[in-house]
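# Observations on the model geometry
As a plain string of letters, each chain reads:
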Number of protein chains: 2
Amino acid sequence: MAEPFFVVEHSALESFARQLLEGAGVAPHRAALVASNLIFGNLRGVDSHGMQLLPYYVEQLSSGLIDGAQDGAPIRESGGTLHYNAANGLGAVTSAICCDHAIRLARSHGIAFVVARDANHFGAAAYWGRRISAAGLIGFAFCNASPIVPPFQAREPRLGTNPICMSVPGPEETSWLLDMATTTVAANRIFKAYHNKQEEIPTGWAMDKEGRPTTNTNEAFHGLVMPLGGYKGTGLAVMVEILCAILGGGAMSTEVGGLRVKDRPMGVSHSFMAIDPARFAGAEEFGERMDKLTNYLHSAAPGSGYDEVLVAGEPESRFEKERRETGIPLGPGEWQRLVDWATKFKVSLPVSIRKAM
Amino acid sequence: MAEPFFVVEHSALESFARQLLEGAGVAPHRAALVASNLIFGNLRGVDSHGMQLLPYYVEQLSSGLIDGAQDGAPIRESGGTLHYNAANGLGAVTSAICCDHAIRLARSHGIAFVVARDANHFGAAAYWGRRISAAGLIGFAFCNASPIVPPFQAREPRLGTNPICMSVPGPEETSWLLDMATTTVAANRIFKAYHNKQEEIPTGWAMDKEGRPTTNTNEAFHGLVMPLGGYKGTGLAVMVEILCAILGGGAMSTEVGGLRVKDRPMGVSHSFMAIDPARFAGAEEFGERMDKLTNYLHSAAPGSGYDEVLVAGEPESRFEKERRETGIPLGPGEWQRLVDWATKFKVSLPVSIRKAM
């Protein structure tokens, strides 16, 4: 039988997250930004980038690995580009500032590229892509990450799951929004299969510790995450590493810290790009043409075993619609870690319902 | 026994390509550009984007589907962006002009984005990425393509193999250079397996005509090419479709023609991006940091069955080194199609050696 989950209404959970962050010494306006970013992940069903991150953030804030009072500062602005020193501030704080610079610069130059070095985890990349697309621009967000993925043909990790996100302007609920790790699946899907005592995982997810493809969950858990489609996933991960760490001058590859690393700050780099569709075929025409493309994709006959064809962002939008109504489920371990910090900071717990999922 | 191949020294083959294009009415400076682009593909072992394309180009030039005398013209230049009307000129002609605009604009604005609509096949994207990186900038090239790939969960094609290319400045022979289709493999690897009477292909390459994954070569040949890693490959292909056709206002999805389509021009859109690393951590530091990253990747222990870890561009560089010495192999069917056009245009054949491969 599955373990019970705790279910909390999203705005109560967001307020709880804010209070925990304030308990860790974060100013209210910064705490609100981080909390909004985390709840966005949960609302969209991306629980790996939701509240489960908060205990790590709070621990790193408490131990001084993240400087919760930092906004960082621009190193240099030049044409449509901006190089930013995040100075080890909260990832969401850096990202909000840098997205706003990207929006401002793209309005002047038609396109902008902002790179922040010495930054921290920025939650779901989609949140930042959408911050830019909400301003009427095509938004991109990239981040390098902790080295847990071997390059193609290797059996030792050198790269992160290095996400690629692109978001287009349009109605928030229906617009195309891509946010993908450059591995076949997120590492925590393998962890989940292992903890659920599922013996086999699909082909292509993982390798054993010798770098051989495996479908055995136990071998995969002690092994390595597989780059998406072999050399192509590695190529895309390196692309992100270049656009973030190499360009920005921050930590690269095995130099990067992590949520569970205690001897140094995470030190990732973020990059954000904004493109103004009004400079090409036109802003209005862009929206119409996106609808047309989506219709072409939806019109393809579904493959065997499927009822419909979905485009990027649709599964997450459906989750969001549902979870705004029914609340956000938190696993028992995740809930307990939040309860521990709440007790420590004397923050009252949000109302929750225990539910078998 | 394998069929004999014809092997031709690369500069003789390039000169032959130029003469065939001139035979089809293309001016010498434009013919030289197209020939150089095609030979680049062959030299790097990417034969799908080499001389095998030339008979299609020549046929489309002869039937008026490509306008070999067109340079196209800018529609609008604004900040770091440029929107270009390729006016159905040769793909390489459009691309060379647009890359040069991207270089010029990135030098002023730090970043530039150029989209060309109503364009034709541009050969290997890597050639264009490198044209930009040779100018000291990070170069990107994207192109939408003929609809032969179903979106994830579908069994009808709506997207092209829509390539993503990124090239970084540095020594031509060793610099990292990614050029990948957003399908698991290029469609012609499936065709090749079929023509070679190979019964099975690896998992993940293709689907049968009902959209079910298959490893049966015959089913795959009559079926569909698989997007890279399922929904992620589709997401990347749509990203490219947006950056090219949606932004540029050109043909999208099933509206796009093709090399074998005779009732309308190809009508693809290209996009090119250039980023100046000097605006961030510095141009010199960028090169040093790229070397460091490459060293990190090379230092990973090879997985079982491999001797070494290669990065994007290395396999192609090795091909190039070898083929500059030993010449370019052409399959018997490919050779015959070239001979037919040479006969028609009274162009003398280059010296070739017949060789069993």
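All values derive from a computational prediction rather than experimental measurement.

## Comments concerning the sheet that holds strand E9 (residues 213-214) of chain B
All names here are of chain B. One open sheet accounts for three strands, arranged E9-E8-E10; its pairing is antiparallel. Both edges of this open sheet fall to E9 and strand E10 (224-225), since each of them pairs with a single strand only. In terms of strand pairing, strand E8 (residues 206-207) meets E9 through two bridges, oriented antiparallel. For Met207, the partnering residue across the bridge sits in E9 and is Pro213.

## Some thoughts on the pattern of salt bridges
Per the stated rule, a full pass over the model turns up 30 salt bridges over all chains. Between Glu156 of chain B and Arg158 of chain B there is a salt bridge, with its nearest N and O atoms 3.3 Å apart. The buried category is assigned to Arg158 of chain B, whose relative accessible area is 10%. A cluster of three or more residues bridged by salt bridges with shared partners is formed by Arg44, Glu320 and Arg324 of chain A.

## A few points about the packing of aromatic side chains
Residues and elements named next belong to chain A. By the definition in use, this model includes 20 aromatic pairs over all chains. Ring centres of Tyr194 and Phe221 lie 3.6 Å apart, and the angle between their planes is 0 degrees; on these two criteria the pair is classed as stacked. Of the two residues, Tyr194 sits in helix H6 (residues 187-195) while Phe221 sits in helix H7 (residues 217-221), which places them 27 residues apart along the sequence. Look at Tyr194 and you get partly exposed, because its relative accessible area is 29%. Overall, Phe221 belongs to the partly exposed group, its relative accessible area being 27%. In this structure an aromatic cluster arises from ring pairing among Phe40, Tyr127 and Trp128.

## Observations concerning the relation of the copies chain A and chain B
By a simple turn and slide, chain A fits onto chain B: the slide is 0.0 Å along the axis, the RMSD is 0.0 Å, and the turn is 180 degrees. Those values place the two copies in the arrangement expected of a two-fold rotation axis. It is Gly229 of chain A whose C-alpha, among those of chain A, lies nearest the rotation axis, at 3.0 Å. Comparing interface residues between copies, 100% of those in chain A also lie at the interface in chain B; the contact surface is shared.

## Some words on the packing of helix H8 (residues 231-248) of chain A against helix H9 (residues 283-298) of chain B
Where H8 of chain A contacts H9 of chain B, the two axes come as close as 10 Å, and the packing angle between them is 135 degrees. Compared by their axis directions, H8 of chain A and H9 of chain B come out oblique. As H8 of chain A packs across H9 of chain B, the resulting crossing turns out to be right-handed. Taking contact as the criterion, the partners of Val238, Glu241, Ile242, Ala245, Ile246 and Leu247 of chain A in H8 of chain A are, on H9 of chain B, Phe286, Arg289, Met290, Leu293 and Leu297 of chain B. Across the contact of H8 of chain A with H9 of chain B, the residue classes break down as nine nonpolar, no polar and two charged.

## A word on the side chain of Thr182 of chain A
Residue and element names in this part refer to chain A. Structurally, Thr182 is set in the loop between strand E7 (177-180) and H6. Here Thr182 falls in the buried class, since its relative accessible area comes to 2%. Here the side chain of Thr182 touches Asn162 through a polar contact of 3.2 Å, landing on its backbone oxygen.

## Some points on the sheet that holds strand E2 (residues 73-78) of chain B
All names here are of chain B. An order of E2-E3-E4-E11-E5-E6-E7 is seen for the seven strands of this open sheet, with the pairing classed as mixed. Since the sheet does not close on itself, it has two edges, and those belong to E2 and strand E7 (177-180), each with one partner. Here the strands of the sheet are splayed against their neighbours by 10 degrees on average, with no regard to which way each runs. When strand E6 (residues 164-167) meets E7, the two strands line up antiparallel, connected through four bridges. Residue pairing in the sheet places Ser167 in a bridge with Leu177 of E7.

Rules and cut-offs
- Residues numbered from 1 in each chain as written.
- Chains lettered and ligands numbered in written order.
- Predicted model: local features only at pLDDT ≥ 70, side-chain atom pairs only at ≥ 80, totals over all residues.
- Heavy atoms only, no water.
- Pairing = 2+ DSSP bridges.
- Helix = DSSP H or I, 4+ residues; strand = E, 2+ residues; numbered from the N terminus.
- Salt bridge = Lys/Arg side-chain N within 4 Å of Asp/Glu carboxyl O.
- Buried < 20%, exposed > 50% of the residue type's maximum accessible area, 1.4 Å probe, protein only.
- Phe/Tyr/Trp six-rings, centres within 6.5 Å; stacked < 30°, edge-to-face > 60°.
- Least-squares fit on C-alpha atoms with pLDDT ≥ 70 in both.
- Contact = heavy atoms within 4.5 Å.
- Axes fitted to C-alpha atoms, helices over the stretch in contact; angles between N-to-C directions.
- Parallel < 35°, antiparallel > 145°, perpendicular 65-115°, else oblique.
- Left-handed = near helix turned anticlockwise from the far one by under 90°.
- Nonpolar A, V, L, I, M, F, W, Y, C, P; charged D, E, K, R; others polar.
- Polar contact = N/O pair within 3.5 Å; in protein donor to acceptor, adjacent residues only side chain to side chain.

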